[in-house]
Amino acid sequence: STWGPLLLPRAVASAMAARALARLLRPRASVVAGKVSPQTSPEVFAAQGIALPPYAISGVAPPSDRPPYLFLDPKGADFAALAKACEIAREVLDLGGSLVAPGVTTDAIDKRLEDAIRKAGAYPSPLNYSRFPKSICTSVNEVLCHGIPDSRPLVLGDIINIDVTVFFRGFHGDVSQTFVVGGDEAASDDARRLLSATNEALRAGIEACGPGEPFTAIGAAVLRVAEAHGLDVSTAFCGHGIGRDFHTEPMVLHVPMDVGAGVMRPGMAFTVEPILALGSADHEIWADGWTAVTRDGSWAAQ
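What you see is a predicted model, and the numbers here were worked out from it, not measured in a lab. (Residues numbered from 1 in each chain as written. Predicted model: local features only at pLDDT ≥ 70, side-chain atom pairs only at ≥ 80, totals over all residues. Heavy atoms only, no water.)

## Some points on the overall build of the protein chain
The condition is simple: Numbering of helices and strands runs from the N terminus; a helix is a DSSP stretch of H or I covering at least four residues, while a strand is a stretch of E covering at least two. For every residue, the accessible area (1.4 Å probe, protein chains only) is compared with the maximum for its type, and the residue is labelled buried under 20%, exposed over 50%, or partly exposed between those bounds. Contact between two residues is taken to exist if any of their heavy atoms lie within 4.5 Å; hydrogens are not considered. Surface accessibility in these figures is a Shrake-Rupley result with a 1.4 Å probe; residues are shielded only by whichever protein chains are displayed. Counting rule for charge: Lys and Arg are taken as positive, Asp and Glu as negative, and neither His nor the chain ends is counted. Where a charge lies is defined by one atom per residue type: Lys uses NZ, Arg uses CZ, Asp uses CG and Glu uses CD.
On a plain count of helices and strands, the protein chain comes out with six helices and 12 strands. By principal-axis analysis of the C-alpha atoms, the protein chain measures approximately 85 × 45 × 40 Å. Within the span of the protein chain, comprising 302 residues, buried residues form 45% of the whole. For the protein chain, the proportion of contacts with a sequence separation of at least 24, taken over those separated by at least 6, is 70%. A total of about 14300 Å² of accessible surface is found on the protein chain, and carbon and sulfur atoms cover 58% of it. On the protein chain, the mean spot of the 25 positive side-chain charges and the mean spot of the 33 negative ones are 4 Å from each other.

Encoded structure:
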């Protein structure tokens, strides 16, 4: 009984020590918001005869719960337009990857890619979508997604996800990839593990796709890979249907959670875009209303 009164203080001290150790071991947040340059007017694209999506001028995005657009004729004009939009987006993304280097700002990357999209006769889908101020998303280190390009220079060893979507001939094409600033040799061991596992999870999610397969199969495949590498999967951000609208049903979760998406049907077009984090994927949103960062400061990749 003489030990009784000491149990609570010892437990409290132990808990305090554990919290202090966790603070020391917690990755330090490395991304601080820079200055965002003025937004390009969508009218610049319209003046060159480039078709604009319905929200481009108003900034009011259509609801994302619209039914999926079905591309039932693989030789039809609609399918060809979707394929071309994706092709343009991929070419622009590759250009973005070539620009990633120490000292380069994400704002500079945004400007170059915006210009490339315009020269391709397309419109950058994020521009003024729900009033998003830029033409691409650039998510650095602990930013999970929806990072706004700004004046912060990239640093050797940073990781950056560039997310490109273009609107071409009435259809959206959506791609993204995470790059290491300075190349793979500049990456930390944890960054290499994160990027390798994220790419593996993406491939596993895509391989789970097929007519009649449940959408939960994608999440199950992604989660198996993430858990095998000791990583966390974001449940807050998901893939989505794409076509004439930027975002439609089905909602493609990257964990095996049934949200009523049902099964995959021939003609559906949707994205698989898992986000994995070294620590917890729990997030918070910056004051800009867009930038999603991990609460614990751990790095994330998509």
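## Observations regarding the nonpolar core
Note the following rule: Side-chain atoms within 4.5 Å are what join buried Ala, Val, Leu, Ile, Met, Phe, Trp, Tyr and Cys residues into a set we call a nonpolar core.
Ranked by size, the top nonpolar core spans 27 residues in total, and within it Ile-159, Leu-194, Ile-218 and Leu-276 carry the most contacts. Going through the elements one at a time, helix H5 (189-207) and helix H6 (216-228) are the ones with two or more residues in this core. Once you skip the residues sitting within four places of it in the chain, Ile-218 turns out to touch Gly-205, Ala-208, Cys-209, Val-252, Leu-253, Met-264, Phe-270 and Val-272. If you look at the next biggest cluster of nonpolar residues, it comprises 25 residues, including Ile-88, Leu-113, Phe-168 and Val-293.

## What about empty space enclosed by the protein?
Applicable threshold: Of the grid points, spaced at 1 Å and generated over the protein atoms alone, those admitting a 1.4 Å probe that cannot get out make up cavities, while open sets with protein on both sides within 12 Å along at least five of seven lines make up pockets; any residue with an atom within 4 Å of a point is treated as lining. Grid points are joined across faces, edges and corners, and a volume is the space filled by probe spheres set on the points. Residues are sorted three ways: Asp, Glu, Lys and Arg are charged, Ala, Val, Leu, Ile, Met, Phe, Trp, Tyr, Cys and Pro are nonpolar, and all the rest, Gly among them, are polar.
Using the criterion set out here, one finds four cavities of 30 Å³ or more in the structure. Estimates place the volume of the largest cavity at around 90 Å³. Along the walls of the largest cavity sit Val-31, Val-32, Thr-106, Thr-138, Val-140, Val-143, Gly-147, Ile-148, Asp-150, Arg-152, Trp-286 and Thr-291, which together make up its complete lining. By residue class, the composition of the lining of the largest cavity is six nonpolar, four polar and two charged.

## Notes on the packing of aromatic side chains
Note the cut-off: Pairing of aromatic side chains requires ring centres within 6.5 Å, counting the rings of Phe and Tyr and the six-membered ring of Trp. Pairs whose planes differ by under 30 degrees are stacked, by over 60 edge-to-face, and all others tilted.
Within the structure shown, the criterion is met by eight aromatic pairs. Centroid distance Tyr-55 to Tyr-129: 4.9 Å. Interplanar angle 85 degrees. Geometry classified as edge-to-face. Here the residue Tyr-55 occupies a position in the loop between helix H2 (43-46) and helix H3 (77-99), and Tyr-129 occupies one in the loop between strand S1 (123-124) and strand S2 (137-140), the gap between them amounting to 74 residues. Comparing Tyr-55 with Tyr-129 shows no difference in burial state: the two are buried. Judged by centre distance (5.1 Å) and plane angle (70 degrees), the ring pair of Phe-215 and Phe-270 falls under edge-to-face. Residue Phe-215 is found in the loop between H5 and H6, and its partner Phe-270 is found in the loop between strand S8 (248-252) and strand S9 (276-277); the two are separated by 55 residues along the sequence. In this structure Phe-215 comes out as buried when scored by relative accessible area, which is 4%.

## Examining the sheet that holds strand S3 (residues 143-145)
Our working definition: Criterion used throughout: strands pair if DSSP finds at least two bridges between them. Structural elements are reduced to axes, namely lines fitted to C-alpha atoms, with helices fitted over the stretch in contact, and the angle between N-to-C directions of any two is expressed from 0 to 180 degrees.
Ordered by their spatial adjacency, three strands build an open sheet running S3-S11-S10, and the pairing between neighbours is antiparallel. Looking at the sheet topology across the chains shown, the edges are occupied by S3 and strand S10 (283-285). Across the sheet, the mean angle separating the axes of adjacent strands is 40 degrees when strand polarity is ignored.

## Side note on the pattern of salt bridges
Two side chains bearing opposite charge may form a pair once their charged atoms approach each other closely. Using the following cut-off: By definition, a salt bridge exists where a carboxyl oxygen of Asp or Glu is found within 4 Å of a side-chain nitrogen of Lys or Arg.
Counted by the stated rule, this structure contains 12 salt bridges. A salt bridge links Lys-134 to Asp-107, with the nearest nitrogen and oxygen atoms 3.3 Å apart. Pair noted here: Lys-134 is in the loop between S1 and S2 and Asp-107 is in helix H4 (residues 106-119), with a separation of 27 residues, a long-range link. With respect to class, Lys-134 is no different from Asp-107; both count as buried. Connected through shared salt-bridge partners, Asp-107, Lys-111 and Lys-134 make up one network.

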